[in-house]
Amino acid sequence: MRILVVEDDERLLQLLQRGLGEEGHLVDACTTSADALGQAQTIAYDVVLLDWMLPDGDGLSLLRAWRARGVDTPVLMLTARGSVGERVLGLRTGADDYLVKPFDFSELLARIEVLARRRGGDVVHLRAGDVGLDTRQRALVRGDHEVALTAREFALCNLLFRRVGEVLTRSELLAAVWGPNFDGEPNVLDVYVGYLRNKLAQLGDDAPVIRAQRGVGFRLLPGGER
């Protein structure tokens, strides 16, 4: 699964990143509400782990903002606040589950799995021409033909499909897929665009294409538009 962790406790954040990564999950991290707000809007996460208290606001306000913008990703609140009233407030605000710190990592894993299973019936198909992006299976679909995507390919493809025809800047794509603090090689974006082009080509003639806008970024064009 792809999981977003919003937590400003550096030690706990590192433990969660390492532990979830060892379980095979792809983990992105934000330490402020400002960074997390856009991150969850541009990337289709399976689950969000959200701390109640953040340095630039509180998790409940962030959660309200996500829900108001249509972000329906399951959210598991992580907090030291354990009263019944506070748990109820969190759930009524839009949280799907609640775990009080300190917690056992095995219980956290179990709760994440429950949230993912609960969401498993929700299938979202984004379209570009006659090609769909199945956000549950993380696959490109055209008729009976299906092409699976890796986690990074899906994150990139998801953003392109949500904004078909629009030019997305290189910095926007890098921040959305690799995180706002990405400091690796910028050409990693070109590599993954190449992977996606090859997979789109597997869907046959007139499949959508990714075109480069020189000096700016990339855009996805529906089939038949060259």
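Residues numbered from 1 in each chain as written. Predicted model: local features only at pLDDT ≥ 70, side-chain atom pairs only at ≥ 80, totals over all residues. Heavy atoms only, no water.

As annotated in an unreviewed UniProt entry, the protein carries the name Two component transcriptional regulator, winged helix family and comes from Nannocystis exedens.

**Q** An account of the overall build of the protein is requested, with residue identities and associated values reported.
**A** On a plain count of helices and strands, the protein comes out with 8 helices and 14 strands. Relative to the globule expectation of 17 Å for 226 residues, the C-alpha radius of gyration of the protein, 18 Å, shows essentially globular dimensions. Across its three principal axes, the protein shows a C-alpha extent of roughly 60 × 35 × 35 Å. Counting all 226 residues of the protein, 46% fall into the buried class. In the protein, 57% of the contacts between residues at least 6 apart in sequence involve partners at least 24 apart. Accessible surface for the protein amounts to roughly 10,900 Å². Of this, 47% is attributable to carbon and sulfur atoms. Charge centroids of the protein, computed over 28 positive and 33 negative side chains, lie 3 Å from each other. (Helix = DSSP H or I, 4+ residues; strand = E, 2+ residues; numbered from the N terminus. Rg over C-alpha atoms; globule rule 2.2 N^0.38 Å. Buried < 20%, exposed > 50% of the residue type's maximum accessible area, 1.4 Å probe, protein only. Contact = heavy atoms within 4.5 Å. Areas by Shrake-Rupley, 256 points an atom, 1.4 Å probe, with all protein chains shown as cover. Lys, Arg positive; Asp, Glu negative; His and termini not counted. Charge placed at Lys NZ, Arg CZ, Asp CG, Glu CD.)

**Q** If you had to explain the nonpolar core to someone new, which residues and values would you point to?
**A** In terms of nonpolar packing, the biggest core is built from 51 residues, with Val6, Leu50, Trp66, Met77, Leu140, Leu156 and Phe161 touching the most fellow members. Per-element accounting of this core gives the leading share, 7 residues, to helix α6 (residues 151-162). Both of domain 1 (2-117) and domain 2 (125-221) provide at least three residues apiece to this core. If we ignore the near neighbours within four places in the chain, the residues touching Leu156 are Leu173, Val177, Leu189, Tyr192, Val193 and Leu196. If you look at the next biggest cluster of nonpolar residues, it comprises 17 residues, including Leu12, Leu20, Leu76 and Leu115. (Core = buried A, V, L, I, M, F, W, Y, C linked by side-chain atoms within 4.5 Å. Domains from an automatic or database assignment.)

**Q** Break down helix α2 (residues 33-42) for me, with residues and values.
**A** Residues Ser33, Ala36, Gln39 and Ala40 constitute the buried set of α2. The buried residues of α2 occupy one face: seen down the axis, they fall within an arc of 125°. (Arc of directions from axis to C-beta.)

**Q** Go over the packing of helix α7 (residues 170-178) against helix α8 (residues 188-201), please, and point to the residues and values.
**A** Two elements in contact, α7 and α8, have axes separated by 10 Å at closest approach and are oriented at 80°. By the criterion of interaxial angle, the relationship of α7 to α8 is roughly perpendicular. Side by side, α7 and α8 meet where Arg170, Leu173, Leu174 and Trp178 of the first sit next to Val188, Leu189, Asp190 and Tyr192 of the second. Partitioned by chemical class, the residues of the contact of α7 with α8 number 6 nonpolar, no polar and 2 charged. (Axes fitted to C-alpha atoms, helices over the stretch in contact; angles between N-to-C directions. Parallel < 35°, antiparallel > 145°, perpendicular 65-115°, else oblique. Nonpolar A, V, L, I, M, F, W, Y, C, P; charged D, E, K, R; others polar.)

**Q** Any chance you could break down the packing of aromatic side chains for me, citing the residues and the numbers?
**A** Counted under the stated rule, the structure contains 2 aromatic pairs. Ring centres 6.3 Å apart and planes at 75° place the aromatic pair Trp52 and Tyr98 in the edge-to-face group. One end of the pair, Trp52, is in the loop between β3 (47-51) and β4 (53-54); the other, Tyr98, is in strand β7 (residues 97-100), with 46 residues separating them in the sequence. You'll find Trp52 and Tyr98 in the same group, each marked buried. Geometrically, the ring pair formed by Tyr192 and Tyr195 is edge-to-face, given 5.1 Å between the ring centres and 75° between the ring planes. Here Tyr195 and Tyr192 lie together in helix α8, a separation of 3 residues that amounts to about one turn. (Phe/Tyr/Trp six-rings, centres within 6.5 Å; stacked < 30°, edge-to-face > 60°.)

**Q** Please set out the domain arrangement of the protein residue by residue, giving values where relevant.
**A** Here the protein is partitioned into domain 1 (2-117) and domain 2 (125-221). On a C-alpha basis, the centres of domain 1 and domain 2 stand 26 Å from each other. Taken together, the contacts link 9 residues of domain 1 with 13 residues of domain 2. Of the roughly 890 Å² buried between domain 1 and domain 2, counting both surfaces, carbon and sulfur atoms make up 48%. (Buried area = accessible area lost by both parts, 1.4 Å probe.)

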